[in-house]
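# What the coordinates show
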Amino acid sequence: MLKVTKLTKLYGPGRPALQDFDLVIDEPVVTAIIGPSGAGKSTLLRCINRLVEPTSGSVELDGVDITQLKGKALRDMRRRIGMIFQSFNLIDRLTVMENVLSGRLGYVSFWQAMTRRFPQEDIDRAYYLLERVGLAHYVNKRADALSGGERQRVGVARALMQDPKIILADEPTASLDPKTSIQIMEFLEELSEEFSIPVLVNLHNVELARRYSRRVVGLKAGRKILDGTPEDLTEDMLDTIYGTADRDPEGVLALQGPAGAQAGVAG
Amino acid sequence: MAQAATSTPRRWQKPPAIKSPWVRYGLIAAVIAYGYWAFTFMPVNWDRVAQGLPRAMRILNTAWPPDFSRWQLLYSGILESIQMALVASLFGLLLSVVVAIMAARNIAPAFIYAIGRAIIVMARSFHPVIVAIIFVKAVGFGPLAGILTLTVYSVGFVGKLLAEAIEEIDRGQLEAIVSTGASFGKTVLYGVFPQVLPRLVGLGIYQTDSNLRASAIVGIAGAGGIGNTLSSAFRRFDYDFAFAILLVIIAVILVSEAVSGRIRSRLT
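This is a predicted model, so every value here is computed, not measured.

### Section: the overall build of chain A
The secondary structure content of chain A amounts to 12 helices and 10 strands. Compactness check: chain A gives a C-alpha radius of gyration of 19 Å against a globular reference of 18 Å for 267 residues, within 12% of the reference. Residue burial in chain A is summarised as follows: out of 267 residues, 45% are buried. In chain A, 69% of the contacts between residues at least 6 apart in sequence involve partners at least 24 apart.

### Examining the interface of chain A and chain B
Every contact between the two is made by 21 residues of chain A and, on the other side, 18 residues of chain B. Among the secondary structure elements, those contributing two or more residues to the side of chain A that touches chain B are helix 2 (71-78) and helix 4 (110-115) of chain A. Here the side of chain A that touches chain B is built from residues that sort into nine nonpolar, seven polar and five charged.

### Some words on helix 10 (residues 226-235) of chain B
Taken together, the buried positions of helix 10 of chain B are Ile226(B), Gly227(B), Asn228(B), Thr229(B), Leu230(B) and Ala233(B). In the segment just after helix 10 of chain B, Phe237(B) is the residue with positive phi, at about 60 degrees.

### Points about unusual backbone geometry
Look at Arg50(A): it is not a glycine, yet its phi comes out positive at around 60 degrees. On the basis of neighbour counts, which here come to 19 C-beta atoms within 10 Å, the residue Arg50(A) falls in the partly exposed class.

### Quick word on the packing of helix 8 (residues 171-178) of chain B against helix 9 (residues 184-220) of chain B
All names here are of chain B. Between helix 8 and helix 9, the shortest axis-to-axis distance is 8 Å and the interhelical angle comes to 160 degrees. Of the possible angle classes, the one that applies to helix 8 and helix 9 is roughly antiparallel. The hand of the helix 8/helix 9 crossing is right-handed. The residues of helix 9 that touch helix 8, namely those facing Gln173, Leu174, Ile177 and Val178, are Thr187, Tyr190, Gly191, Val192 and Gln195. Classifying every residue of the contact of helix 8 with helix 9 by side-chain character gives five nonpolar, four polar and no charged.

### Overview of the sheet that holds strand 4 (residues 56-61) of chain A
Backbone-to-backbone hydrogen bonds join strands into a sheet, with any given pair of strands oriented parallel or antiparallel. Residue and element names in this part refer to chain A. In spatial order, the strands read 2-1-4-5; together these four strands make up an open sheet with antiparallel pairing. In the strand order of this sheet, the two ends are held by strand 2 (18-25) and strand 5 (64-65), each with one partner. Pairing between strand 4 and strand 5: two bridges, direction antiparallel. Bridge pairing in strand 5 links Leu61 to Val64. Seen against the sheet, helix 1 (residues 41-48) touches strand 1 (2-9), strand 2 and strand 4 and runs at an angle of roughly 65 degrees to strand 2.

### Looking at the sheet that holds strand 3 (residues 30-34) of chain A
All names here are of chain A. In spatial order, the strands read 6-7-8-3-9-10; together these six strands make up an open sheet with mixed pairing. A single partner strand is all that each edge strand has here, and the edge strands are strand 6 (81-84) and strand 10 (223-228). Each strand of the sheet is rotated relative to its neighbour by a mean of 20 degrees, with strand direction disregarded. Along the sheet, helix 6 (residues 148-161) makes contact with strand 6 and strand 7 (166-170), crossing strand 6 at roughly 170 degrees. Relative to strand 10, helix 9 (residues 235-242) is tilted by about 160 degrees, and along the sheet it contacts strand 3, strand 9 (215-220) and strand 10.

The rules behind each value
Residues numbered from 1 in each chain as written. Chains lettered and ligands numbered in written order. Predicted model: local features only at pLDDT ≥ 70, side-chain atom pairs only at ≥ 80, totals over all residues. Helix = DSSP H or I, 4+ residues; strand = E, 2+ residues; numbered from the N terminus. Rg over C-alpha atoms; globule rule 2.2 N^0.38 Å. Buried ≥ 20, exposed ≤ 12 C-beta atoms within 10 Å, placed from the backbone. Contact = placed C-beta atoms within 7 Å. Nonpolar A, V, L, I, M, F, W, Y, C, P; charged D, E, K, R; others polar. Axes fitted to C-alpha atoms, helices over the stretch in contact; angles between N-to-C directions. Parallel < 35°, antiparallel > 145°, perpendicular 65-115°, else oblique. Left-handed = near helix turned anticlockwise from the far one by under 90°. Pairing = 2+ DSSP bridges.

Following this line, the structure appears as structure tokens:
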């Protein structure tokens with residue numbers, strides 16, 4: 001489905017944010033990308049839907065190289081790639097329903113978008129997804145009136161509205177408390193299975209990666225240093241990815257023993 | 001603490017804003033020299049002031065009481081001014097939205113951005129009276145010249161401030177809409193518009209208010225409305241009628257100020 005080959009991104013002179021990154025996603029499961037801040041996780045996701053222009057390499061979705069697309073062809077590709085953001089990025093002043101329906105903007109005409117006259121099947125789908133994430137009673141509420149967890153659920157519904165071939169989630173839980181983080185990860189896991197859509201999720205919480213992903217990719221300084229399963233996330237591996245000092249500068253984990261690992265590790 | 005007892009008290013003075021004493025005292029000397037020059041240059045002719053004061057008194061005397069007997073002329077003039085202001089506000093706002101999108105660095109391509117900025121600079125570089133003189137020459141006396149003038153005035157002001165509002169929008173919301181595969185137009189509709197709409201409404205009301213004031217001024221240059229009536233009243237020494245016109249203009253502006261202030265405070 002998704003095939004990333006030798007993807008490199010240079011923002012300026014110096015070390016590339018992403019270097020010769022290869023990845024093949026061919027199963028509709030949740031894949032976690034972990035790594036310390038600045039490892040290139042966000043750059044990777046943004047290169048896939050070209051919010052960031054890759055320097056070299058290719059990204060193929062169902063055999064089409066996204067890096068070569070322009071104009072309408074690029075937009076048609078983007079509408080099949082759902083994206084979920086750390087800061088939710090809902091349109092604050094629009095209603096929940098408008099936000100969910102905005103996932104169809106790649107499909108409807110300008111006139112339909114302006115007058116909010118979306119096709120009936122889009123409205124049905126939006127209602128279904130909002131029910132699915134437990135927000136159907138909020139359709140006409142403004143997005144900025146919602147709590148963080150609720151907003152991210154709208155974000156998930158918006159991404160699924162696109163009828164995506166893949167979902168990119170960039171730190172979807174980083175602005176949320178632990179309980180709502182778990183809820184969002186559960187939604188991602190369930191919906192990925194229900195619609196059989198692969199989800200590529202950046203996480204800086206290793207514990208969430210362990211619990212909710214079937215595959216884990218480790219990034220460090222722009223390079224892939226792990227591609228395996230959650231079982232591969234041994235203490236040694238985490239030390240390699242994060243560096244012991246970075247993982248636990250105050251030595252808290254060592255003092256608390258296994259309980260420290262339970263609380264999750266911020267990258 | 002311990003060593004403070006042994007040494008002399010440590011002094012502190014605010015460091016001067018301009019470090020070099022030469023520049024510092026040089027600037028002070030320059031300001032004094034400029035003040036002296038400006039004062040001596042000002043040609044105050046006390047004879048003319050002495051003559052002017054009684055003349056002003058005479059005008060005021062003839063202006064009182066204000067003469068409302070030609071109220072039909074006054075009414076049609078003020079109505080024309082209000083119509084000019086409202087029509088120009090509508091056209092001006094519509095154009096401003098387009099120009100502001102062109103002139104917002106974060107969404108417009110570099111080439112379009114340059115054009116958008118150029119339009120704003122041109123619209124802003126002349127006072128409405130000068131623009132009115134040009135349009136009166138181009139399309140003749142009357143309200144059309146006034147409408148065109150006020151439209152240009154609106155585009156200069158609203159276009160500039162709206163472009164700045166667009167440049168300050170939350171990039172994340174824009175990114176989210178772009179990533180759904182929306183075209184440029186639909187991205188503006190969903191990613192930009194909702195974020196700047198309250199600002200646009202506020203600017204629109206402010207500009208309508210502002211156009212109302214300016215419509216009286218541009219009329220003096222021949223661009224229709226109450227300003228025309230006012231300048232011809234002055235020309236014919238009908239100071240009492242002119243005074244009546246001024247009172248009506250003040251009343252209209254007070255009302256429009258109150259209304260626009262009320263609406264704008266409701267918005268936020």
